[in-house]
Amino acid sequence: MNFIEKLKKPGPILIDGAMGTLLLARLPGYRGSFELLNIEKPDIIEEIHRLYFESGSDMVETNTFGASRIKLEEYGLADRCGEINEKAAAVARRAAKSTGGLVGGSIGPCGRLVEPMGETSCEEVYESYLVQAMGLAEGGADAAIIETMSDIQEAKLALLAARDAGLPAICSMTFSENGKTLTGTDIFTAVATLAGCGAAAAGANCSMGPEGLLGIFRENFSLLERTGIPLSVWSNAGLPEMEDGKAVYRLKPEIFAATSLEFARLGVKIIGGCCGTTPDHIRALRKAVDSEKYAPREFRTNHSFITSRFRTLDLQSHRDTVIIGERLNPTARKKFAEDLRTGSQNFLREESKKQEKEGAHILDINVGVPGTDEAATMRRSVTLLSNLVSVPLMIDSDNSGVIERALISYPGIPILNSINGKEKSIAGLVPVIRRYGCFAIALCLDDTGVHREASKRIDAGEKLLSRLEKEGIDPSRIFIDPLMLAEAAEPGSAAETLKVIEHFSKKGIKTSLGLSNISFGLPQRKYINNAYFRLAVESGVTAVIINPSTMRVIDGYSEEEKLALDFLTGRDPAAQKYIARLGQKTEPEKAATSAQEKSGGILDSIYGMVVEGNPDEIGGLVQKALATEKAEDIMERALIRGLERVGELYSSGEYFLPQMIASAGAMKKGFEVVKPILSQKSSSSLGRVLICTVKGDIHDIGKNIVSMMLENHGFEVHDLGKDVSVEQIIDSAKRIKPDIICLSSLLTTTMNEMKAVRDALDRENIGSRLLIGGAVVNEEYARGIGAYYGRDAVEGVNRAKKLISAS
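Quick caveat, the model's predicted, so the values are computed rather than measured.

Cut-offs used in this document
- Residues numbered from 1 in each chain as written.
- Predicted model: local features only at pLDDT ≥ 70, side-chain atom pairs only at ≥ 80, totals over all residues.
- Heavy atoms only, no water.
- Helix = DSSP H or I, 4+ residues; strand = E, 2+ residues; numbered from the N terminus.
- Rg over C-alpha atoms; globule rule 2.2 N^0.38 Å.
- Buried < 20%, exposed > 50% of the residue type's maximum accessible area, 1.4 Å probe, protein only.
- Contact = heavy atoms within 4.5 Å.
- Lys, Arg positive; Asp, Glu negative; His and termini not counted.
- Charge placed at Lys NZ, Arg CZ, Asp CG, Glu CD.
- Pairing = 2+ DSSP bridges.
- Axes fitted to C-alpha atoms, helices over the stretch in contact; angles between N-to-C directions.
- Salt bridge = Lys/Arg side-chain N within 4 Å of Asp/Glu carboxyl O.
- Disulfide = S-S within 2.5 Å.
- Core = buried A, V, L, I, M, F, W, Y, C linked by side-chain atoms within 4.5 Å.
- Left-handed = near helix turned anticlockwise from the far one by under 90°.
- Nonpolar A, V, L, I, M, F, W, Y, C, P; charged D, E, K, R; others polar.
- Expected span 1.5 Å × (residues − 1).
- Polar contact = N/O pair within 3.5 Å; in protein donor to acceptor, adjacent residues only side chain to side chain.
- Right-handed = clockwise from strand over helix to strand, strands pointing away.

Caption draft 1: Representation of the overall build of the chain. Within the chain one finds 32 helices and 25 strands. Computed over its C-alpha atoms, the radius of gyration of the chain comes to 29 Å, within 12% of the 28 Å expected for a compact globule of 807 residues. Each of the 807 residues in the chain was classed as buried or not, and the buried ones make up 58%. Long-range contacts, defined here as pairs at least 24 residues apart, represent 75% of the contacts in the chain between residues at least 6 apart. Positive and negative side-chain charges in the chain, numbering 97 and 108 respectively, have mean positions lying 1 Å apart.

The structure is reproduced here in structure tokens:
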């Protein structure tokens with residue numbers, strides 16, 4: 001029985017427990033690559049797999065959590081990625097032979113921040129995962145198990161690679177106590193996104209003990225079920241406690257099983273154990289699960305969710321018309337066109353935020369300007385917008401290469417605008433839609449052209465829908481767009497368009513309109529747009545592309561809108577009455593104001609740019625401010641104050657990692673301008689810091705963020721990098737004489753290096769204060785080794801400042 005068939009059977013599928021816990025017990029003190037053990041110690045790996053099968057696991061995970069090509073680079077093993085994964089799957093397959101069990105190929109995080117939060121490109125991450133997934137498939141894995149992901153974008157790339165390697169995939173994210181990932185994605189948005197991208201199952205692992213995850217699932221289960229795919233959970237054996245410098249998980253197998261059984265009762269399909277769990281935990285879970293009866297369930301992906309990194313637009317529960325903001329389009333917007341030519345993103349930043357505040361549910365982004373690299377420009381724009389605004393995007397281009405460059409970098413399920421019935425469009429865009437699981441605007445246009453008559457547009461739309469369905473694209477992912485013609489140029493087309501909307505709406509097909517086209521060539525266009533908007537809503541339109549700032553939902557028509565209605569319904573041919581009444585009026589133009597004028601002061605403007613995370617103008621504005629302000633005031637009252645506000649927003653849960661990185665980057669740009677002046681005036685800094693990741697730990701994302709923020713706050717930072725030995729730290733401390741030494745560790749297997757540093761500092765009589773942090777570190781451990789603790793980057797910087805002020 002294969003994995004997909006197993007999903008259709010009643011009852012949960014049990015996967016195994018922790019691999020690392022058992023490996024460390026068999027190889028105490030081992031410091032190399034666990035993944036290399038598949039080749040060097042295959043008997044030990046196979047023995048662990050057999051123990052889990054004997055304990056009742058239906059599926060075991062290969063020992064490849066860190067076996068992506070990028071991860072293996074840290075051990076000089078990148079060129080053996082395929083070999084290691086193939087061997088790991090083969091070892092697990094041998095262990096499964098006697099029981100007929102399944103093999104899941106474990107794929108963990110690559111350990112780097114993916115663009116735009118880091119410098120690693122989406123393509124590099126995808127290629128790394130593809131080599132791993134192909135190795136797992138060649139070794140006999142039944143499915144990929146993508147796990148412990150904190151970035152939905154990285155999870156999507158791993159999923160794409162697994163599917164391209166021919167493996168069905170379980171995708172599992174890790175969540176904080178606030179129910180969101182480190183990068184700000186809630187569990188419903190994550191599962192909806194992964195379901196749309198083709199995951200066979202999705203859910204959560206690690207994170208916290210089973211009680212914590214159970215709370216998140218209970219709170220969101222009705223929403224999660226609506227995604228239509230099987231759900232998965234494998235949790236830790238409680239939360240770790242430190243004992244003799246080691247992480248110990250104390251949750252007993254029976255309690256773990258009893259709590260995990262509640263997932264099965266909820267309807268979770270795939271259940272197992274994560275950190276700290278053993279064959280005893282799985283044996284207890286098997287016994288508990290087998291004591292229950294389960295009814296068969298059918299699963300079918302529900303294509304109703306358009307997502308961003310931060311938000312889900314649920315088309316089934318959304319009762320109002322979906323508003324798609326139209327202003328991120330260079331057509332008739334000279335400022336945007338000029339920005340696209342020069343590479344500036346100021347217009348993009350301002351207009352995207354404005355449209356979101358004005359009520360747009362989705363933002364259309366079009367960057368087609370002659371003489372520019374549209375693919376590169378679209379990629380930069382989508383990358384910026386995906387972390388700047390919370391609403392989903394609509395990628396607007398008819399070029400499949402442009403669209404694919406955007407889709408691979410987008411952390412959600414967007415809409416594609418647009419595909420049509422011409423063979424060239426179908427051939428270029430159908431594979432893209434199918435591969436990335438996006439929604440699409442389908443135009444009622446074919447090789448015979450655009451038609452005024454409703455009947456011909458309906459025929460073109462029906463043929464396109466049928467063709468797309470034959471190509472494997474579910475009709476629920478399609479918005480039929482009749483093509484809005486200008487009523488002044490094509491009299492009567494407004495009424496014909498409404499007939500097309502009504503036809504498809506009655507069949508349950510989603511519809512859309514580029515509504516502003518209706519008023520082209522006429523004065524005071526907003527009145528015509530608003531009047532037609534009401535007519536379109538009455539006909540059942542799902543979504544409209546419109547300027548949200550001028551849109552009005554009409555309850556009663558104003559005098560101007562009555563005139564517009566007469567024109568749209570044929571009672572005012574050629575809009576004669578409308579033009580006579582409104583043709584002399586001009587809509588007020590919004591005067592352009594500088595950032596300084598908008599905020600009331602140049603320091604406030606600089607502050608605002610830091611909070612917004614806008615690096616484009618801040619350098620010039622800081623330079624301008626130096627003409628009237630002291631460098632010290634710019635630093636304290638604008639730059640640092642802005643970063644402190646970002647810290648408050650991060651601590652309150654309003655900002656997440658992407659925004660914090662963007663703001664730190666903007667602050668750094670401003671700081672570069674004043675830094676030479678401040679250095680001339682004073683050779684002193686707020687304090688001297690030595691920072692690194694401890695020996696054996698190659699994870700440095702969090703450390704890098706702390707390092708950047710410390711420097712931005714005025715510290716002199718000496719970054720030793722990652723995997724730094726005690727000896728290196730001590731030698732550097734003697735030479736640099738830091739006020740504070742900051743250490744980071746993500747692994748329970750390396751955190752004891754922090755205590756070794758503490759002991760060495762004491763032996764060498766080095767009085768630097770020790771500040772530690774990382775995923776496995778807590779306040780209790782810090783106190784136990786005589787160190788200070790920073791829960792995250794914001795708290796770490798604040799603690800460093802307090803330590804300096806107290807000295």
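From this point, things continue past the structure.
Caption draft 2: Geometry of the sheet that holds strand 22 (residues 716–724). In space, the five strands of this open sheet follow the order 22-21-23-24-25, with parallel pairing throughout. Either end of the sheet is taken by a strand with one partner, and the two such strands are strand 22 and strand 25 (788–789). Both strand 23 (residues 740–744) and strand 24 (residues 769–773) contribute to a ladder of five bridges, which runs parallel. The residue bridging isoleucine 741 from the neighbouring strand is leucine 770, located in strand 24. Packed onto the sheet, helix 30 (residues 752–763) meets strand 21 (688–694), strand 23 and strand 24 and runs at close to 180 degrees relative to strand 24.

Caption draft 3: Region of the structure containing the pattern of salt bridges. With the rule as written, the count across this model stands at 55 salt bridges. A salt bridge links glutamate 47 to arginine 26; the shortest N-O distance between them is 3.1 Å. On the criterion of sequence distance, the pair formed by glutamate 47 in helix 4 (residues 42–55) and arginine 26 in helix 2 (residues 20–26) is long-range, its members being 21 residues apart. Residue classification places glutamate 47 among the partly exposed positions, given a relative accessible area of 36%. With relative accessibility at 31%, the residue arginine 26 sits in the partly exposed group. When the shortest N-O distance is used, the salt bridge between aspartate 151 and arginine 309 registers 2.8 Å.

Caption draft 4: Spotlight on unusual backbone geometry. Of note, the bond from glutamate 115 into proline 116 is cis; its omega dihedral lies within 30 degrees of zero at 5 degrees. The omega torsion of the bond from asparagine 417 to serine 418 falls at 20 degrees, within 30 degrees of zero and hence cis. Tracing the backbone through its elements, the reader meets serine 418 in strand 16 (residues 415–419). A positive phi is found at threonine 148, a non-glycine position, where the angle reads about 60 degrees. Position of threonine 148 among the secondary structure elements: in strand 4 (residues 143–149). For alanine 575, which is not a glycine, the phi torsion comes out positive at approximately 55 degrees. As for its position among the elements, alanine 575 is in the loop between helix 21 (559–568) and helix 22 (576–582).

Caption draft 5: Highlighting the state of the cysteines. This model, assessed by the stated rule, comprises zero disulfides. Here cysteine 171 stays unpaired: no disulfide links it, and the sulfur of cysteine 197, its closest cysteine neighbor, is 8.5 Å away. Summary of cysteine pairing: cysteine 444 is not part of a disulfide, and the nearest cysteine sulfur, belonging to cysteine 438, is at 19 Å.

Caption draft 6: Layout of the nonpolar core. Formed by 149 residues in total, the largest nonpolar core has its most connected members in Ile146, Leu194, Phe217, Ile365 and Ile395. Of all the elements, helix 8 (residues 152–164) adds the most residues to this core, at eight residues. The contact partners of phenylalanine 217, leaving out residues within four places of it in the chain, are Ile187, Gly203, Ala204, Leu224, Leu231, Ser232, Val233, Phe263, Leu266 and Val268. If you look at the next biggest cluster of nonpolar residues, it comprises 47 residues, including Ile602, Met609, Leu621 and Val794.

Caption draft 7: Structural view of the packing of helix 6 (residues 81–96) against helix 7 (residues 122–139). Contact geometry of helix 6 with helix 7 gives a least axis separation of 7 Å together with a crossing angle of 35 degrees. For the crossing formed where helix 6 meets helix 7, the hand is right-handed. Of the residues in helix 7, those in contact with Cys81, Gly82, Asn85, Glu86, Ala89, Ala90 and Arg93 of helix 6 are Val131, Gln132, Gly135, Leu136, Glu138 and Gly139. Of the residues that constitute the contact of helix 6 with helix 7, the class distribution is five nonpolar, five polar and three charged.

Caption draft 8: Layout of helix 32 (residues 793–806). Its 14 residues give helix 32 an end-to-end C-alpha distance of 20 Å, which sits within 8% of 20 Å, the value for a rise of 1.5 Å per residue. Turning to helix 32, its buried residues are Ala793, Val794, Gly796, Val797, Ala800, Leu803 and Ile804. Its side-chain oxygen placed 3.2 Å from the backbone nitrogen of valine 794, aspartate 792 serves as the N-cap of helix 32.

Caption draft 9: Structural context of the pairing of strand 17 (residues 439–443). The element strand 17 is extensively covered by neighbouring structure, given that five of its five residues are classed as buried. Of the two faces of strand 17, the one lined by Phe439, Ile441 and Leu443 and the one lined by Ala440 and Ala442 are each fully buried. The pairing of strand 16 with strand 17 spans four bridges and is parallel. Bridging across to strand 17, isoleucine 415 finds its partner in phenylalanine 439. Traced from strand 16 through helix 17 (residues 423–436) to strand 17, the parallel crossover comes out right-handed. As paired strands, strand 17 and strand 18 (residues 478–481) are joined by four bridges and run parallel to one another. Bridge pairing in strand 18 places leucine 443 opposite aspartate 481. Of the crossover connections in this fold, the one passing from strand 17 over helix 18 (residues 454–470) to the parallel strand 18 is right-handed.

Caption draft 10: Here's a closer look at the pairing of strand 23. Of all five residues making up strand 23, five are buried, and the element is well covered by its neighbours. Neither face of strand 23 is open: one carries Ile740, Cys742 and Ser744, the other Ile741 and Leu743, and all of them are buried. Two strands pair when backbone bridges link them, and strand 21 and strand 23 are joined in this way by five bridges, in the parallel orientation. The residue of strand 23 that forms the bridge with threonine 693 is serine 744.

Caption draft 11: Molecular detail of helix 9 (residues 187–196). Along helix 9, ten of the ten residues are buried, which leaves the element largely enclosed by surrounding structure. Considered for burial, the residues of helix 9 that qualify are Ile187, Phe188, Thr189, Ala190, Val191, Ala192, Thr193, Leu194, Ala195 and Gly196. Capping the start of helix 9, aspartate 186 holds a side-chain oxygen 3.1 Å from the backbone nitrogen of phenylalanine 188, two or three residues further along. Positive phi shows up at glycine 198, right after helix 9, with a value of about 100 degrees.

Caption draft 12: Focus on the side chain of serine 516. In this structure, serine 516 sits in the loop between strand 19 (510–513) and helix 20 (525–539). Dropping the residues within four chain positions of it, serine 516 is found in contact with Glu326, Arg525, Asn529, Ile545, Ile546 and Asn547.

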